[in-house]
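Spelled out from the first residue to the last, the chains are:
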Amino acid sequence: MRRFRNLVKNHTSVFVFAALAAGILCVVMTGYVIFSNIGAIGGFLSGVARVLSPVIIGLVTAYIIDPLAMVFEDKVLRKMKNGKTRRTLSVLIALIIVLALAKSYYETVEDVAEKINGIGFGLNIDLKAIENSVNNMLGNLVNNLSDNLSSVLNTTKNIGASLVNALLGVILAVYFLFSKKSLLSALERLRRAVWTPKQYEEKTRFWNRCNDIFTQYIGCNLIDALIIGMATAVFMLALGMPYAPLVAFVVGVANLIPTFGPIIGAVVGALLLVLVKPAYALWFLVFTVAIQILDAYVIKPRLFSSSFGISAVLTLVSITVGSNLFGIVGVLLAIPVAAILSFVYDERLIPWLEKKTSDRAVKTPAPASPEPAGEAETKE
């Protein structure tokens, strides 16, 4: 036994190197297995996401609608003594408002199509020829239906599945909203059973901070878009400009997109107005620049009571990465996600690394200072 301990003691570096090599080999082999089966893993994850898509849609929809329901529950209907009735009425009112906005959005899309058709006639675009071409394409498709039946059925199946998942998601969202308190209570019991009291407090504080960031960002951006849209509509109506409701809606929705949204709204509005009267487009662009400056320096600072604390560079990088990975959803959620990552970096990662460095410094003894040459000779 003593011989084995001496062997280990004398060859510690060899054992450390062997353990390190074995660890690197395990990591390389694990990475090779994962990358060689990336298709199967991706297919499995895609299947899981497809199965859970109604639940995911329901949770996201309920999360978005819940702040509006909370406004009615805590502010408008706060005098109602029956909490269950107050919650039910608040959810119903929020759902009615969302459905009304969805109906308004659909009508606006139809209005856009009609305006485009009107602009098309003004520019002498032969829409009849386009309609004939589309009819010919549909005729060819019907003639070749037997050859393309499989792809048509698959496409119809996918569209039907998407519609069913969306409908189930909305239904589940309603149930989630009505059962919010019981679901949160069950989740809290599970968290208390799994985590220690200290872990529970830390993680609860973390998730509450993340929820505050998302809620503040979504709610304040919706209010900001409403203010910008209404201001644009009032300005256009005051100057007698056409398409005021349509352009105001486009500007308000585009304003939800950070950084590039105001540019998109300005370009779309100017293109619609320049076809009617170039002076309208010029005045519209001047007003857009003015309202965006006012929005950046007055409106948004007042809406966002606490800054997200992220730099302009991080904002631009997060928007770029989010758009490349998740499209328009990634653009809309880029800033709150970046704010959460910045919060985790400043308040979690850096303190954890500092603590690790401090603990390692305490455990490592300071090197002994060399003795002066005179004292060494005296000892001899």
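Residues numbered from 1 in each chain as written. Predicted model: local features only at pLDDT ≥ 70, side-chain atom pairs only at ≥ 80, totals over all residues. Heavy atoms only, no water.

A. Fine view of the packing of aromatic side chains. Applying the stated criterion to the full structure yields 3 aromatic pairs. The interplanar angle of 15° and the centroid separation of 5.7 Å between the aromatic rings of F206 and F343 together place this pair among those described as stacked. Of this pair, F206 sits in helix 8 (residues 197–238) while F343 sits in helix 13 (residues 334–363), and the two are 137 residues apart along the sequence. For the pair formed by F206 and F343, the shared burial category is buried. A connected cluster of aromatic rings, assembled from ring pairs, spans F206, W207 and F343. Of note, K203 hangs over the ring of W195, and the distance from its end group to the ring centre comes to 5.3 Å. (Phe/Tyr/Trp six-rings, centres within 6.5 Å; stacked < 30°, edge-to-face > 60°. Helix = DSSP H or I, 4+ residues; strand = E, 2+ residues; numbered from the N terminus. Buried < 20%, exposed > 50% of the residue type's maximum accessible area, 1.4 Å probe, protein only. Lys NZ or Arg CZ within 6 Å of the ring centre and 35° of its normal.)

B. Structural context of the side chain of S90. Mapped onto the elements, S90 comes out in helix 4 (residues 83–122). With relative accessibility at 0%, the residue S90 sits in the buried group. In this structure S90 touches A69, F72, E73 and L77, once residues within four positions along its chain are discounted. (Contact = heavy atoms within 4.5 Å.)

C. Layout of the nonpolar core. Grouped together as the largest cluster of nonpolar side chains are 17 residues, with contacts concentrated most on M236, M241, V247, L273 and F284. When residues in this core are grouped by element, the largest group, 6 residues, is from helix 11 (residues 278–303). If sequence neighbours within four positions are ignored, M236 has contacts with M241, P242, Y243, A244, V247, L273 and F284. Counting residues in each nonpolar core, the second largest holds 9 residues, with A62, I65, V91 and L177 among its members. (Core = buried A, V, L, I, M, F, W, Y, C linked by side-chain atoms within 4.5 Å.)

D. View of the layout of surface pockets. Reported here for the largest pocket is a volume of approximately 2200 Å³. Mapped by element, the contributors of at least two residues to the lining of the largest pocket are helix 3 (38–76), helix 4, helix 8, helix 9 (244–254) and helix 12 (312–332). Here the element with the most residues in the lining of the largest pocket is helix 8; it accounts for 14 residues. Split by residue class, the lining of the largest pocket holds 32 nonpolar, 8 polar and no charged. Reported here for the second largest pocket is a volume of approximately 1000 Å³. Taken together, 24 residues line the second largest pocket, and the ones lying closest to its centre are Y63, K180, L184, L187 and N211. Listing elements by their share of the lining of the second largest pocket, those giving two or more residues are helix 3, helix 6 (149–178), helix 7 (180–194) and helix 8. (1 Å grid on protein atoms, 1.4 Å probe; cavity = no way out; pocket = protein on both sides within 12 Å on 5 of 7 lines; lining within 4 Å. Points joined across faces, edges and corners; volume = space filled by probe spheres on them. Nonpolar A, V, L, I, M, F, W, Y, C, P; charged D, E, K, R; others polar.)

E. View of the pattern of salt bridges. Considering all chains together, one arrives at 5 salt bridges under this definition. Between R192 and E188 there is a salt bridge, and its shortest N-O distance comes to 3.3 Å. Residue R192 and its partner E188 are located together in helix 7, separated by 4 residues, close to a single helical turn. The salt bridge involving R209 is made with E347; its shortest N-O contact spans 3.4 Å. In this pair, R209 sits in helix 8 while E347 sits in helix 13, placing the two residues 138 residues apart along the sequence. Its relative accessible area of 46% is what places E347 among the partly exposed residues. Through salt bridges with shared partners, a single network forms among D66, E73, R87 and K180. (Salt bridge = Lys/Arg side-chain N within 4 Å of Asp/Glu carboxyl O.)

F. Seen up close, the environment of T215. Positionally, T215 belongs in helix 8. Assessed through its relative accessible area of 31%, T215 is described here as partly exposed. For T215 and D66, which are 149 residues apart along the polypeptide, the C-alpha to C-alpha distance reads 9.8 Å. When neighbours within four sequence positions are excluded, T215 is seen to be in contact with Y63, P67 and C220. One polar contact links the side chain of T215 to the main-chain carbonyl oxygen of N211, over a distance of 2.8 Å. (Polar contact = N/O pair within 3.5 Å; in protein donor to acceptor, adjacent residues only side chain to side chain.)

G. Seen up close, a nonpolar patch on the surface. Taken together, the side chains of F260, I263, I264, V267, V268, L271, V274, L275, V276 and L316 make up a nonpolar region of the molecular surface, amounting to roughly 830 Å² of accessible area. Topologically, L316 is positioned in helix 12. (Patch = residues over 30% accessible without salt bridge, like charges linked within 9 Å, V, L, I, M, F, W, Y side chains within 5 Å. Areas by Shrake-Rupley, 256 points an atom, 1.4 Å probe, with all protein chains shown as cover.)

H. Looking closely at unusual backbone geometry. Although it is not a glycine, Y243 adopts a positive phi angle of roughly 60°. Of note, Y243 is situated in the loop between helix 8 and helix 9. On the accessibility criterion, Y243 (21% relative accessible area) is partly exposed.

I. Quick peek at the packing of helix 9 against helix 10 (residues 261–274). Across the interface, helix 9 lies against helix 10 with an axial gap of 7 Å and an inter-helix angle of 165°. Accordingly, the angle class assigned to the pair helix 9 and helix 10 is roughly antiparallel. For the pair helix 9 and helix 10, the sense of crossing is right-handed. On helix 10, the residues touching L246, V247, V250, V251 and A254 of helix 9 are G261, P262, I264, G265, V268, G269 and L272. The residue makeup of the contact of helix 9 with helix 10, split by class, is 9 nonpolar, 3 polar and no charged. (Axes fitted to C-alpha atoms, helices over the stretch in contact; angles between N-to-C directions. Parallel < 35°, antiparallel > 145°, perpendicular 65-115°, else oblique. Left-handed = near helix turned anticlockwise from the far one by under 90°.)

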